[in-house]
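# Geometric and topological summary
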Amino acid sequence: MRTIIEPFRIKMTEALPITTPQQREEKLAAAQHNVFLLNAQDITIDMLTDSGTGAMSAKQWGALMVGDESYAGSTSWQHFEQTVRDITGFTHIFPTHQGRAAERILASTRLKAGDIVPNNSHFDTTRANIEYTGAKAEDLLTSEGEDLYSMHRFKGNIDLEKLERIITENKGRIPFAMITVTNNSGGGQPVSMSNMKAMKALLTKYNIPMVIDCCRFAENAYFIKEYEPGYQDKSLMDIAREMFALADAATMSAKKDGLANIGGFFACHNEQWAEDFRNLLILTEGFPTYGGLAGRDLEVIAVGLREALEYDYQRYRHATVEYMATRLSEQKIPIVLPAGGHAVFLDAAGFCPHLSAADYPGIGVVNSLYLEGGIRSVELGSVMFGRVDAKGNETPAPRELVRLAFPRRVYTQSHFDYVIEVLTQVWQQREQIPPHRITKQAPFLRHFTAHFAPMAQSKAQKKAV
Ligand SMILES: *Cc1c(COP(=O)(O)O)cnc(C)c1O
């Protein structure tokens, strides 16, 4: 059959809030024009993130009921540890309350000021946790990966020449290198197995450990199976194992391919890394057999990690993203192509040629999608990734993207048809999207709490339209 159906039926429903344009205008103004500050009941389709927003399966809800809440050595911890070890093969496994807790402890136990951590692209929390220690987070995408419209299949690959250059120029200052699968900040693009293998060989030559940011390891495994020669007949589990066999350690947010609403882990082989991690984990997260999670969460993640590796689930999930991307590019709406694994990324700079980076075109598009149809998306551009120096001067981000993330197993095809209709409407009136200014901001991760003000368009902006 050519129709790829949702490989599940719906057992429980949750009403969606339907709002009027006037209500949305009031709510957005009250939220200081930052959609992070909106309340959930004011949003119809929430595509802010795919993180922790998935629907659990009946098996997961069942597992939740048998969660063992013993403080130490609970049976749920054992199920969690066995599952993570079965998939990743790591010697030491530590639960954490989220991915960023794993990142924070890894960064503060292994990094110092002046160190450098290369990655294909660091996610915002990864970068912030690395830079908080005084180390530098370097993004080393390939030129195809940097090109929003290149049709290369593995645009998440790390540039090995850039990596070798940075290693030879900074001897002794790289405690580990990272690879993010799939590459969230770079459009949800996959990394090929051959790129990971070549990276591993290079790092081994210089004796540098390799850490996988594996939040979307199962989605990445699907891309490898579909598009990398030699993997067609392998299961997603086998591909995942092959990926993890290359790594010395991994950080994970179970809110992504753990198909859970909370949780994460750190895993590694090295005894000393484990010892240092354990000590700080106990200090700030919890005893090493629960790491800040309830036993029931560990149980749910153990089930979710396996469900994420089911082929029919991944095939349907990728088909939904593909469906939306195809409908949008048919109308020439500028999106990152090929579509990534967990989201459709709009090119806000291409969407709003009348706005410069300093006008935050991504915020303009995000706010227009909310006002038009109650859809919540997120800016991944100069607000999230721009750098502000001590004098307040701002270097814009290399790209101005808006991400429409797909929560796992939550929305059906008619919801996506609605999103496509709203986007089409906004696209047809794009010249009316106003510039925005920041009126208040925090020194780290400012996008979460910043206040914005829409401005009237200048004469030059009107003319550019
Ligand atoms: C979500 C995410 C993180 C952080 O995980 P949290 O659970 O949100 O703390 C790190 N890296 C990547 C690539 C992510 O997508």
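Bear in mind that the values here come from a model prediction, so they are computed numbers and not experimental data.

We now examine the sheet that holds strand 14 (residues 401-405). In space, the three strands of this open sheet follow the order 9-14-11, with antiparallel pairing throughout. The open sheet is flanked by strand 9 (343-347) and strand 11 (378-380), the only strands paired with a single partner. Strand-to-strand twist in this sheet, taken as the mean axis angle between neighbours without regard to direction, amounts to 35°. Sheet analysis places strand 11 next to strand 14, joined by three bridges and oriented antiparallel. When the sheet's bridge partners are listed, Val 378 is paired in strand 14 with Arg 403.

A word on the domain arrangement of the protein chain. What the domain assignment lists for the protein chain is domain 1 (21-50 + 311-455) and domain 2 (58-307). Summarising the inter-unit geometry, the C-alpha centres of domain 1 and domain 2 are found 26 Å apart. On the side of domain 2, 37 residues touch domain 1, which itself brings 31 residues to the contact. Taken together, the two surfaces of domain 1 and domain 2 that pack against each other cover about 2900 Å², and 56% of this comes from carbon and sulfur. When residues of domain 1 are sorted by the area they lose upon contact with domain 2, Tyr 311, Pro 338 and Arg 399 head the list and together hold 20% of the total. Notably, a salt bridge pairs Arg 387 with Glu 131, separated by 3.5 Å at the nearest N-O pair. In this structure, the connection of domain 1 to domain 2 is made through 19 residue pairs in polar contact (both at pLDDT 80 or more).

Bringing the pattern of salt bridges into the picture now. Scanning the model with the defined rule gives 27 salt bridges in all. Note that Arg 376 and Asp 46 form a salt bridge whose closest N and O atoms lie 2.8 Å from each other. Placement of Arg 376 in strand 10 (residues 375-376) and of Asp 46 in strand 1 (residues 45-46) is noted, with a sequence separation of 330 residues between them. Across the salt bridge formed by Arg 85 and Glu 81, the nearest N and O atoms sit 3.1 Å from each other. Of this pair, Arg 85 and Glu 81 both sit in helix 3 (residues 75-88), four residues apart, which is roughly one turn of the helix.

By secondary structure assignment, the location of Asp 347 is in strand 9. For the buried residue Asp 347, which engages in no salt bridge, the nearest side chain bearing the opposite charge is Arg 399, 8.6 Å off. Engagement of the side chain of Asp 347 in a polar contact is seen with the backbone nitrogen of Ala 349, the distance being 3.2 Å. Not counting residues up to four positions away in its chain, the partners in contact with Asp 347 are Leu 148, Tyr 149, Pro 334, Ile 335, Glu 400 and Leu 401.

The full count for this structure, using the stated rule, is 16 aromatic pairs. Ring centres 5.4 Å apart and planes at 85° place the aromatic pair Phe 8 and Tyr 316 in the edge-to-face group. One end of the pair, Phe 8, is in the segment before helix 1 (21-30); the other, Tyr 316, is in helix 13 (residues 311-330), with 308 residues separating them in the sequence. By relative accessible area, Tyr 316 is classed as buried at 5%.

By the criterion of burial, strand 9 is predominantly enclosed, with five of the five residues buried. Of the strand pairs in this sheet, strand 9 and strand 14 are connected by five bridges, and their pairing is antiparallel. Bridging from a neighbouring strand, Ala 343 pairs with Ala 405 of strand 14.

Taken together, the five strands give an open sheet; going across it, the order is 2-8-7-6-5, and neighbouring strands pair in mixed fashion. Since the sheet does not close on itself, it has two edges, and those belong to strand 2 (92-96) and strand 5 (177-180), each with one partner. Strand-to-strand twist across the sheet, computed as the mean angle between neighbouring axes with direction ignored, equals 15°. Relative to strand 7 (residues 249-253), strand 6 (residues 210-213) is paired through three bridges, and the arrangement is parallel. Residue Val 211 lies in a different strand from strand 7, and its bridge partner there is Ala 249.

Another aspect to go through is the nonpolar core. Counting 59 residues, the largest nonpolar core has Leu 163, Ile 179, Met 196, Phe 217 and Phe 244 as the members making the most contacts within it. Those residues in contact with Leu 163 that sit more than four places away from it in its chain are Pro 118, Leu 140, Ile 158, Met 199, Leu 202 and Leu 203. Residues Ala 31, Val 344, Cys 352 and Leu 369 belong to the second largest nonpolar core, which totals 38 residues.

The next point concerns helix 3. The end-to-end C-alpha separation of helix 3 is 20 Å, in line with the 20 Å expected for 14 residues at 1.5 Å each. All of the buried residues along helix 3 are Ser 76, Trp 77, Phe 80, Thr 83, Val 84, Ile 87 and Thr 88. Burial along helix 3 is one-sided: seen end-on, the buried residues are contained in an arc of 135°. Residues of helix 3 that are buried in the fold lie against strand 2, helix 9 (217-227), helix 10 (236-245), strand 8 (264-268) and helix 12 (295-307). Just beyond helix 3, the residue with positive phi is Gly 89, at close to 75°.

The subject of this paragraph is the environment of Thr 83. Turning to its location among the elements, Thr 83 is positioned in helix 3. When the C-alpha atoms of Thr 83 and Ile 301 are compared, they prove to be 9.0 Å apart, with 218 residues separating the residues in sequence. If sequence neighbours within four positions are ignored, Thr 83 has contacts with Ala 302, Leu 305 and Arg 306. Within the structure, the side chain of Thr 83 is placed 2.7 Å from the backbone oxygen of His 79, a separation counted as a polar contact.

Rules used throughout
Residues numbered from 1 in each chain as written. Predicted model: local features only at pLDDT ≥ 70, side-chain atom pairs only at ≥ 80, totals over all residues. Heavy atoms only, no water. Pairing = 2+ DSSP bridges. Helix = DSSP H or I, 4+ residues; strand = E, 2+ residues; numbered from the N terminus. Axes fitted to C-alpha atoms, helices over the stretch in contact; angles between N-to-C directions. Domains from an automatic or database assignment. Contact = heavy atoms within 4.5 Å. Buried area = accessible area lost by both parts, 1.4 Å probe. Salt bridge = Lys/Arg side-chain N within 4 Å of Asp/Glu carboxyl O. Polar contact = N/O pair within 3.5 Å; in protein donor to acceptor, adjacent residues only side chain to side chain. Buried < 20%, exposed > 50% of the residue type's maximum accessible area, 1.4 Å probe, protein only. Lys, Arg positive; Asp, Glu negative; His and termini not counted. Phe/Tyr/Trp six-rings, centres within 6.5 Å; stacked < 30°, edge-to-face > 60°. Core = buried A, V, L, I, M, F, W, Y, C linked by side-chain atoms within 4.5 Å. Expected span 1.5 Å × (residues − 1). Arc of directions from axis to C-beta.

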